Amino acid sequence: MLITGGGQRIGLHCAQRFVEDGYHVTITCRNFRKEWAENPLEGIDVIQADFSTIEGIEEFIDTIKSQGKKFRAIIHNASQWLDDSEGYESFQTMFMIHMQAPYMINNACDVLFYDNGPADIVHVTDYGAQHGSGKHVAYASTKAGLENMTLSYAKKLAPRVKVNSIAPFLIMFNKWDSEEYKEKSLNKSVLGIEPGPEVVYQGVRYLMDNIYVTGECLNLDGGRHL
Ligand SMILES: NC(=O)C1=CN([C@@H]2O[C@H](COP(=O)(O)OP(=O)(O)OC[C@H]3O[C@@H](n4cnc5c(N)ncnc54)[C@H](OP(=O)(O)O)[C@@H]3O)[C@@H](O)[C@H]2O)C=CC1
Ligand SMILES: Nc1nc2c(c(=O)[nH]1)N=C([C@H](O)[C@@H](O)CO)CN2
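Residues numbered from 1 in each chain as written. Chains lettered and ligands numbered in written order. Predicted model: local features only at pLDDT ≥ 70, side-chain atom pairs only at ≥ 80, totals over all residues. Heavy atoms only, no water.

What counts here: UniProt positions are given in the numbering used here, feature names are shortened, and annotations may be inferred rather than shown by experiment.
The name an unreviewed UniProt entry gives the protein chain is Dihydromonapterin reductase, with Marinobacter adhaerens as the organism. In its Function (unreviewed entry) section, the UniProt record describing the protein chain reads: "Catalyzes the reduction of dihydromonapterin to tetrahydromonapterin. Also has lower activity with dihydrofolate." Here the protein chain is described in UniProt, under the heading Sequence similarities (unreviewed entry), as follows: "Belongs to the short-chain dehydrogenases/reductases (SDR) family. FolM subfamily."

1. Here's the deal with the overall build of the protein chain
Under the convention used in this document: Only DSSP runs of H or I covering at least 4 residues are called helices, and only runs of E covering at least 2 are called strands; the numbering of each starts at the N terminus. Radius of gyration here uses only the C-alpha atoms, and the compact-globule reference equals 2.2 Å multiplied by the residue count raised to the power 0.38. Think of it in three bands: residues with accessible area under 20% of the maximum for their type are buried, residues over 50% are exposed, and the middle band is partly exposed, with areas taken using a 1.4 Å probe on protein chains only. In this description, contact between two residues means that some pair of their heavy atoms is separated by no more than 4.5 Å. Working definition of accessibility: Shrake-Rupley area with a 1.4 Å probe, residue cover restricted to the visible protein chains. Residues scored as positive are Lys and Arg, those scored as negative are Asp and Glu, and His as well as the terminal groups of each chain are ignored. For the purpose of locating charges, the reference atoms are NZ of Lys, CZ of Arg, CG of Asp and CD of Glu.
Counting its regular elements, the protein chain contains eight helices and seven strands. Its C-alpha radius of gyration of 17 Å places the protein chain within 12% of the 17 Å reference for a compact globule of 226 residues. In terms of principal-axis extent, the alpha carbons of the protein chain reach across some 50 × 45 × 35 Å. Looking at the 226 residues of the protein chain, the share that counts as buried comes to 48%. Restricting the contact set of the protein chain to residue pairs at least 6 apart, pairs at least 24 apart contribute 68%. Counting only carbon and sulfur atoms, one obtains 52% of the accessible surface of the protein chain, whose full area is about 11700 Å². Here the protein chain contributes 21 positively and 29 negatively charged side chains, and the mean placements of these two sets differ by 3 Å.

2. A closer look at the site of ligand 2
To keep it simple, the criterion reads: The near set for a molecule or strand comprises every residue that places at least one heavy atom within 4 Å of it. In the analysis that follows, any N or O atom pair within 3.5 Å is treated as a polar contact, provided that within protein one partner can donate a hydrogen and the other can accept it, and provided that, for residues neighboring in sequence, both atoms belong to side chains. Only Asp, Glu, Lys and Arg are considered charged, only Ala, Val, Leu, Ile, Met, Phe, Trp, Tyr, Cys and Pro nonpolar, and every remaining residue, Gly among them, polar.
Around ligand 2, the neighbouring residues are Arg9, Ser79, Trp81, Asp126, Tyr139, Phe169, Leu170, Asn174, Tyr181 and Ser185. Interatomic distance of 3.0 Å between a side-chain N/O atom of Arg9 and an oxygen atom of ligand 2. Here a nitrogen atom of ligand 2 sits 2.8 Å away from a polar atom, N or O, in the side chain of Tyr139. When the free accessible area of ligand 2 is taken as 410 Å², the share hidden by the protein chains comes to 80%. Taken together, the residues that form the shell around ligand 2 break down as five nonpolar, three polar and two charged.

3. Structural notes on the nonpolar core
Definition in use: Throughout this description, the term nonpolar core refers to a set of buried Ala, Val, Leu, Ile, Met, Phe, Trp, Tyr and Cys residues connected via side-chain atoms within 4.5 Å.
Ranked by size, the top nonpolar core spans 30 residues in total, and within it Phe51, Phe60, Ile74, Ile105 and Ile121 carry the most contacts. When residues of this core are traced back to their parent elements, those giving at least two are helix 3 (54–66), helix 4 (89–107) and helix 6 (137–157). Ignoring anything within four residues of it in the chain, the contact list for Ile105 reads Thr4, Phe51, Phe60, Ile61, Ile74, His76 and Leu112. Counting 26 residues, the second-largest nonpolar core is a separate cluster that includes Ile3, Val25, Cys29 and Val213.

4. Re the site of ligand 1
Near ligand 1 there are 26 residues, and of these Arg9, Arg30, Arg33, Lys143 and Phe169 occur at the shortest range. A distance of 2.5 Å is found between an oxygen atom of ligand 1 and a backbone nitrogen or oxygen belonging to Arg30. Between an oxygen atom of ligand 1 and a side-chain N or O atom of Lys143, the distance comes to 2.8 Å. Protein chains bury 90% of the 890 Å² of accessible surface belonging to ligand 1 in isolation. Where the shell around ligand 1 is concerned, the elements lending two or more residues are helix 1 (9–20) and helix 6. In terms of residue class, the shell around ligand 1 is made up of 13 nonpolar, seven polar and six charged.

This is how it looks when you write it as structure tokens:
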């Protein structure tokens, strides 16, 4: 398994769950965590990679090729959730991470998957890709671009590789979220819960294990759309 941005939160949870289920996992992160020196991530290789530049993406692709790594699936999880007050450069940054990196990695995928057997790409997008966002215009539009690439790569890589999206609404808060913000977010969906990262792992497993699903978007939104 390859999981980009797997050094924390949803990506790390999925990486550790895949290890529990018998997979070997490679994750990317920009910086190794200090705690990994004393408590290495069991069953998980870590590759340092920064997708904010083309050179950084190329360097990552060269690294995985040079290591001769082959994968069962590639999960494009890396992301920054920058709001529109963070300046115009943030659009470029999120374009690089949400679109340029998956584009370049997917275009190299012919040598990244096992030679035989099933192969999957999962793009982790966002509820906002289909619904927009008043405060995260750049974030939502770059996630929409990623979601559109699901359709293109599902056509381009079939039948060898299945390509799907997972579009979460609220999965897990950040430690800096206020109680007021949390309550407001919880009230936006009819189920009204913070489900936690396991629901994303369940979604990825469904998409990987189902041989007849490609070009689809699995919405994980607690009924936010209702
Ligand atoms: N949390 C939620 O409720 C929701 C999450 N999502 C989506 O789910 C996915 C996971 O969410 P979450 O775990 O909260 O994400 P986080 O924001 O916690 O982490 C995203 C990861 O992306 C990596 N990343 C950020 N910038 C770069 C970069 N320039 N180059 C390479 N990697 C980078 C970070 O790696 P590093 O270790 O280098 O910092 C980090 O580990 C994301 O795609 C997110 O958009 C969608 C809706 C809701
Ligand atoms: N890269 C990230 N993307 C998103 C995050 C996050 O923490 N990192 N969080 C959200 C919110 O949970 C939102 O869905 C509800 O408040 C969206 N994307």
